[in-house]
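What follows is the residue order along each chain.
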Amino acid sequence: MQWGQLKVLQRRTRMDSTCDLIIDSLKEEPIGETDHFIWFITDIGFVALFKREEKFETYSSNVATEANKIALDITKEEKEYYKIKGRQLFLFYS
């Protein structure tokens, strides 16, 4: 296996395990709900699950405001976008 292939494999494995953790967390009770998101806590951070199919920009511009509505401060968190099994979400972690 070449170095480039190894990097891709490691990244895919990391992403697969992250996705598995997120999917498992979505089976739990949400910690809150806002206009555009259903919020969950995971072992690696907070998840903002998109409620509907709208433009990505709509969700991205509203997420911080809506997090404040349920007393979450995500301003210092890293934000990643995922699309897993047809579900769109943001993952916030530090």
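In this text the structure is predicted, and so the values were computed from the model without any measurement.

(A) Spatial organisation of the pairing of strand β3 (residues 46-50). With four of five residues buried, β3 is to be regarded as a mostly interior element. Linking strand β2 (residues 37-41) back to β3 in an antiparallel pair, the connection comprises four residues, with G45 at a positive phi of about 155 degrees. Relative to strand β5 (residues 87-93), β3 runs antiparallel, the two being bridged by four bridges. Within the sheet, the bridge partner assigned to L49 lies in β5 and is L89.

(B) Spatial organisation of the pairing of β2. Pairing of strand β1 (residues 32-33) with β2, which is carried by two bridges, proceeds in the antiparallel orientation. In the sheet register, G32 faces β2, and the bridge partner there is W39. Connecting β1 to the antiparallel partner β2 that follows it, the hairpin turn spans three residues. Here β2 pairs with β3 via five bridges, running antiparallel. If you follow I41 over to β3, its bridge partner there is F46.

(C) Region of the structure containing the sheet that holds β2. Spatial ordering of the open sheet is given by β1-β2-β3-β5-β4, a layout of five strands whose pairing is antiparallel. The sheet terminates laterally at β1 and β4 (78-84), the two strands that pair on one side only. Packed onto the sheet, helix α2 (residues 56-69) meets β2, β3, β4 and β5 and runs at close to 60 degrees relative to β2.

(D) Focus on the environment of F92. Within the element layout of this structure, F92 appears in strand β5. On the accessibility criterion, F92 (2% relative accessible area) is buried.

(E) Broad picture of unusual backbone geometry. Unlike most non-glycine residues, A71 shows phi in positive territory, near 65 degrees. With respect to the helices and strands, A71 occurs in the loop between α2 and β4. Judged by its relative accessible area of 71%, A71 falls in the exposed class. Although it is not a glycine, K85 adopts a positive phi angle of roughly 50 degrees. When you line up the elements, K85 lands in the loop between β4 and β5. Exposure remark for K85: the relative accessible area of 73% places this residue in the exposed category.

Rules behind the numbers
Residues numbered from 1 in each chain as written. Predicted model: local features only at pLDDT ≥ 70, side-chain atom pairs only at ≥ 80, totals over all residues. Heavy atoms only, no water. Buried < 20%, exposed > 50% of the residue type's maximum accessible area, 1.4 Å probe, protein only. Helix = DSSP H or I, 4+ residues; strand = E, 2+ residues; numbered from the N terminus. Pairing = 2+ DSSP bridges. Contact = heavy atoms within 4.5 Å. Axes fitted to C-alpha atoms, helices over the stretch in contact; angles between N-to-C directions.

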